[in-house]
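Residue-level structure breakdown
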Amino acid sequence: MAAPWVLHVDLDQFIAAVEVLRRPGLVGLPVVVGGRGDPTERGVVATASYAAREHGIRSGMPLRTAVKRCPDAVFLPADNPAYDVASAGVMDALRALPGVVVEVMGWDEAFLGVDTDDPEAFAAHVQAQVYAATSLRCTVGIGDNLLRAKIATGFGKPAGVFRLTRGNWFAVMGDRPTRALWGVGVKTARKLADRGLHTVADLAAADPAALAADLGPARGPYHVQLGRGIGRERVDGTPWVPRSHGRETTFQADLEDWADVRTEVAGLARTVAGELAGRPARRVGVTVRFVPFTTRTRSATLPAPTLDADVLAAAAAGVLDRFPTRRAVRLVGVRAEF
DNA sequence: TCTGGGGTCCTAGGACCC
DNA sequence: TCTGGGGTCCTAGGACCC
């Protein structure tokens, strides 16, 4: 009788791989995708090819830093519609697999729920089918829950397969820093370290009630579970219902004049209104990033849910008026909540 | 290293009501 | 006059992820 497994499928250097597919001359070269493709502009790296990573280029790094590390890299603008198409091809290939439940996690990753006696063989089949359909390589993590499958993927990169279960959790993860866990970022890792909790094994042995005082009533105990490798076991294939939709813009030159900030917010609100896709906005939020990098948000519940661009723009303008400062601005954003 | 853009969920305090 | 406890909504911010 086949056992239930969770597989985490993660495309290798997805965005760079999509770009290389349509420009075969770039195979093996350092390729950096991000922003408008101009490394003298404000922008960050979305994905770097493995050749670019050898020069120390990483996702999230400013393009201006990336070009210093590798002046010869090929810089390309992000082409989101192309990645949407490529991603849809991958997800279709996954859904075509027999007997699987697919939970999409983003452009380049998904969880699969499958009953099988040989998860490694199934993983190899997944890789072959994805490659046949899209010419893209992926890594597959195998786990007895989503958390372990997700973390397993990191050990299988690139193009490999790795299995992580309750059986080998502490052997593989116990001595690693808490930061290695999916859901522990720099801030939380620092807080945990302040409590003397440095490794995954430390966290697993911590007192949930004590951590609740530090991290919050839900987060504290949840993080102890993370340390133990415990997480959701059932892959959920129900279609995702978006909670919000927004747009934001970083300006190449800071906006000094508040009238320009107003104009930009109104324009973004209209753009967002045009992308509501029939889901009325119940709340609207405005983000302002002041120079040098201080970010503030304000939001308001609308008198009535709306799809109307004029109404949303007026509401966003009203929210913007509540910002107390009028310093130079480097980014504004507008978000609608449903 | 002068730090994008798209999201999600949690937390905490205050308002307000019963 | 002084005072309770619970529930829910709103809002700002924090943290994290891809």
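These figures come from a predicted structure and were not determined experimentally.

Examining the packing of aromatic side chains
Taken as a whole, this structure holds 3 aromatic pairs when the rule is applied. Judged by centre distance (5.4 Å) and plane angle (75°), the ring pair of tyrosine 83 and tryptophan 107 falls under edge-to-face. Of this pair, tyrosine 83 sits in helix α4 (residues 80–95) while tryptophan 107 sits in the loop between β5 (101–106) and β6 (109–116), and the two are 24 residues apart along the sequence. We classify tryptophan 107 as partly exposed; its relative accessible area is 29%. Measuring from ring centre to ring centre gives 6.0 Å for phenylalanine 111 and tryptophan 182, while their planes differ by 50°; the resulting arrangement is tilted. One end of the pair, phenylalanine 111, is in strand β6; the other, tryptophan 182, is in the loop between α7 (169–173) and α8 (186–194), with 71 residues separating them in the sequence. We classify tryptophan 182 as partly exposed; its relative accessible area is 34%. Directly above the ring of tyrosine 131 sits arginine 137, whose terminal nitrogen or CZ lies 3.9 Å from the centroid.

Considerations on the environment of arginine 298
One can find arginine 298 in strand β11 (residues 294–306). On the accessibility criterion, arginine 298 (26% relative accessible area) is partly exposed.

Details of the protein's contact with DNA strand B
Among the 24 residues in the neighbourhood of DNA strand B, the closest are listed as Arg243, Ser244, His245, Glu248 and Thr250. Sugar and phosphate atoms represent 75% of those atoms of DNA strand B found within 4 Å of the protein. Threonine 65 has a polar side-chain atom sitting 3.5 Å from a sugar or linking oxygen of DNA strand B. Within the side chain of histidine 245, one N or O atom sits 2.4 Å away from a phosphate oxygen of DNA strand B. Sorting elements by how many residues they give to the surface near DNA strand B places strand β9 (residues 244–255) first, with 7 residues. The residue inventory of the surface near DNA strand B, partitioned by class, reads 7 nonpolar, 8 polar and 9 charged.

Overview of the layout of surface pockets
Its boundaries defined by the atoms lining it, the largest pocket holds a volume of some 830 Å³. Every residue lining the largest pocket is counted, 29 residues in all, and those nearest its centre are Glu248, Thr249, Thr250, Phe251 and Arg289. At the level of elements, β9, β10 (281–290), β11 and β12 (329–337) are the ones that each hand at least two residues to the lining of the largest pocket. When the residues that make up the lining of the largest pocket are grouped by side-chain class, the tally is 7 nonpolar, 12 polar and 10 charged.

Here's the deal with the sheet that holds strand β4 (residues 74–76)
Backbone hydrogen bonds are what pair the strands of a sheet, in a parallel or an antiparallel way. What the 3 strands build is an open sheet, ordered β3-β2-β4; its pairing is mixed. Every other strand in the sheet has two partners, leaving β3 (47–48) and β4 as the edge strands with one partner each. Where strand β2 (residues 31–33) and β3 come together, 2 bridges link them in antiparallel fashion. Counted as the bridge partner of valine 33 is threonine 47 from β3. Most of the contacts of helix α1 (residues 14–22) go to β2, to which it runs at about 115°, and overall it touches β2, β3 and β4.

Observations regarding helix α10 (residues 208–215)
If you check the start of α10, you find a side-chain oxygen 3.2 Å away from the backbone N of alanine 209, and it comes from aspartate 207. Glycine 216, located one to two residues past α10, shows a positive phi value of around 115°.

Points about the UniProt feature "domain: UmuC" (unreviewed entry) in chain A
The sites that UniProt annotates as "domain: UmuC" (unreviewed entry) are residues 6–185. Taken as a whole, residues 6–185 contains 38% helix and 21% strand, while its terminal C-alpha atoms sit 24 Å from one another.

With respect to the pairing of strand β1 (residues 3–11)
Looking along a regular strand, one sees the side chains alternate between the two faces of the sheet. Burial runs high along β1: 7 of the 9 residues are buried. Bridge count between β1 and β6: 8 bridges; the pairing is antiparallel. Its bridge partner lying in β6, alanine 3 is registered against threonine 116. Bridge analysis of β1 against strand β7 (residues 138–143) gives 6 bridges, and the strand direction is antiparallel. Residue pairing across strands places leucine 11 opposite cysteine 138, the latter belonging to β7.

What counts and how
- Residue positions are given per chain, counted from 1 along the sequence in the order it is written.
- The naming scheme follows written order: chains are lettered A onward, ligands numbered 1 onward.
- Under the rules for a predicted model, residues below a pLDDT of 70 receive no local features and side-chain atom pairs below 80 are neither given nor counted, while totals for whole chains, interfaces and linings still include all residues.
- Side-chain numbers here rest on the full set of heavy atoms in the structure, without hydrogens or water.
- The aromatic pairing rule takes the rings of Phe, Tyr and Trp, using the six-membered ring of Trp, and pairs them if the centres are within 6.5 Å, calling planes under 30 degrees apart stacked, those over 60 edge-to-face and the rest tilted.
- Helix and strand definitions here come from DSSP, where helices need a minimum of 4 consecutive H or I residues and strands a minimum of 2 consecutive E residues; each element is numbered from the N-terminal end.
- Note on classification: 1.4 Å probe, protein chains only; a residue is buried when its accessible area is under 20% of the maximum for its type, exposed when over 50%, partly exposed between these limits.
- Whether a charge sits over a ring comes down to the Lys NZ or Arg CZ being within 6 Å of the ring centre and within 35 degrees of the ring normal.
- Throughout this document, a residue counts as near a molecule or strand when at least one of its heavy atoms sits within 4 Å of that molecule or strand.
- Pairs of N or O atoms are called polar contacts if they sit within 3.5 Å, as long as, within protein, a hydrogen donor faces a hydrogen acceptor (for residues adjacent in sequence, only side-chain-to-side-chain pairs).
- Throughout this entry, Asp, Glu, Lys and Arg are counted as charged residues, while Ala, Val, Leu, Ile, Met, Phe, Trp, Tyr, Cys and Pro are counted as nonpolar. The remaining residues, Gly among them, count as polar.
- Grid points spaced at 1 Å and placed over the protein atoms alone form the basis of the search, with a cavity being a set where a 1.4 Å probe fits but cannot get out and a pocket an open set showing protein on both sides within 12 Å along at least five of seven lines. Lining residues have an atom within 4 Å of a point.
- Grid points are joined across faces, edges and corners, and a volume is the space filled by probe spheres set on the points.
- Should DSSP find at least two bridges between two strands, the strands are regarded as paired.
- Note on definitions: a residue-residue contact is assigned when non-hydrogen atoms from the two residues lie within 4.5 Å.
- Axes, fitted as lines to C-alpha atoms, cover a helix only where it is in contact. Angles between the N-to-C directions of the axes lie from 0 to 180 degrees.
- UniProt positions are given in the numbering used here, feature names are shortened, and annotations may be inferred rather than shown by experiment.

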